[in-house]
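Secondary and tertiary structure notes
So the chains spell out like this:
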Amino acid sequence: GPAATWDAVDAYFGPLVGEDDVLAAATTRARAAGLPEIQVSPAQGRLLQLLALTAGARRVLEVGTLGGYSTIWLARALPSDGALVTCEIDAAHAAVARESLAQAGLAGVVDIVLGPAADTLRRLVDEGVEPFDLVFVDADKPSNPVYLDLAVRLSRPGTLIVVDNTVRGGAVADAASTDPNVLGVREMVDRVVADPRLDATAVQTVGSKGYDGFVLARVR
Ligand code: SAM
């Protein structure tokens, strides 16, 4: 079927993407710890890294750490004075991520903030932190609208906001859906459409993670 082809194509492009031993070990560590296998694919992680590099990102915000796999890709795009803040609600996930980030030599660049991401983001807004250059939203999907609003408040003109899992096998196009994950994506998309500060697009993806996609929005 098509999924086998998508896997084969992801495998074919493996050398181009260039996932290294440290990233592969992060996946192995997460699997051994029993974490759900819902991290971005190597090709998608590389895409995030290239976006961060292209944006010249110095400060990255991530919502949803899991085992730190996407975190490693993104943090590797940062200059030596860069910083990545990543939000995770599950202490067991954060512990695995902390270990993999240490193994990657990125412990000093990445700040894992334990707790509900919306609380963390509101606190960052209240603290008036320096804006982020890139935001990657990849946590509980029903909260996508909240994360979008807070991400915009933590942005500057030019900030890129990337939201993962926005196609959901095509379910996002079903206006009658009652799936809270689909509703979270659709409400987020409505807010992007209504926000004149955001220039956005959606990218449908297939690959080892099935049929899904990203919304990308740039703050004016
Ligand atoms: N970005 C990761 C990667 O690609 O390697 C995958 C993140 S996984 C899809 C989503 C993560 O968000 C899970 O680890 C989950 O525990 C976390 N999460 C769920 N609800 C959350 C919340 N309210 N606040 C912070 N993190 C949350």
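Going along each chain's sequence as written, the residues are numbered from 1 onward. Totals for whole chains, interfaces and linings use every residue, but because this is a predicted model, local features are given only for residues with pLDDT of at least 70 and side-chain atom pairs only at 80 or more, for both listing and counting. As a convention, hydrogens and water are excluded, and side-chain values are obtained from all of the structure's heavy atoms.

**Section: the site of the ligand**
Inclusion rule: When we say a residue is near a molecule or strand, we mean one of its heavy atoms is within 4 Å of it. Distance and chemistry together define a polar contact, namely a pair of N or O atoms within 3.5 Å, with one atom able to donate a hydrogen and the other to accept it when in protein, and with adjacent residues in sequence counting only for side-chain atoms on both sides. Detection works on a 1 Å grid of protein atoms alone, calling trapped sets that fit a 1.4 Å probe cavities and calling open sets with protein on both sides within 12 Å along at least five of seven lines pockets, with lining residues defined by an atom within 4 Å of a point. To qualify as sitting in a cavity or pocket, a molecule needs more than half of its atoms within 2 Å of the grid points. Helix and strand labels come from DSSP, where a helix needs a run of H or I of at least four residues and a strand needs a run of E of at least two; each type is numbered from the N terminus.
The local shell around the ligand holds 22 residues, among which G64, S70, E88, H93 and D138 are the closest. At 2.9 Å, a backbone N or O of V40 approaches an oxygen atom of the ligand. A distance of 2.8 Å is found between a nitrogen atom of the ligand and a side-chain nitrogen or oxygen belonging to D138. At a threshold of 2 Å from the grid points, most atoms of the ligand map onto the largest pocket. If you list the elements that add at least two residues to the shell around the ligand, you get α5 (69–75) and β2 (83–88).

**Re the nonpolar core**
Generally speaking, a soluble globular protein has its nonpolar side chains buried in company with each other. Here is the rule we go by: Buried Ala, Val, Leu, Ile, Met, Phe, Trp, Tyr and Cys residues form a nonpolar core when they are joined through side-chain atoms within 4.5 Å. The buried label applies to any residue whose accessible area, calculated with a 1.4 Å probe on protein chains only, is under 20% of its type's maximum; exposed applies above 50%, and partly exposed to all values in between. For this analysis, residues touch if any pair of their heavy atoms sits within 4.5 Å.
In this structure, L74, L106, V110, L134, F136 and V162 are the most contacted members of the largest nonpolar core, which totals 31 residues. Of all the secondary-structure elements, those providing two or more residues to this core are α3 (21–32), α4 (42–54), α5, α6 (91–103), β3 (110–114), β4 (132–137), β5 (155–164) and β7 (212–219). It is α5 that contributes the most residues to this core, 5 residues altogether. When residues no more than four places from it in sequence are discounted, the contact partners of L134 are L51, A52, A57, R59, V60, L61, L74, T159 and L160. One finds V125, F132, V135 and A151 within the second-largest nonpolar core, a separate group that totals 29 residues.

**Side note on the packing of aromatic side chains**
Heads up, the rule is: Any two of the Phe, Tyr and Trp rings considered here, Trp counted by its six-membered ring, make a pair once their centres fall within 6.5 Å; the pair's planes then place it as stacked at under 30 degrees, edge-to-face at over 60, or tilted in between. Cation placement over rings: the criterion is NZ of Lys or CZ of Arg within 6 Å of the ring centroid and within 35° of the ring normal.
According to the stated counting rule, one finds 2 aromatic pairs in the structure shown. Here the aromatic rings of Y69 and W73 are separated by 6.4 Å at their centres, their planes lie at 80°, and the arrangement is edge-to-face. Highlighted residues: Y69 and W73, both in helix α5, separated by 4 residues, approximately one helical turn. Just above the ring of F132 sits the side chain of R59; from NZ or CZ to the centre is 4.4 Å.

All quantities given are derived from atomic positions and should not be read as evidence of function.
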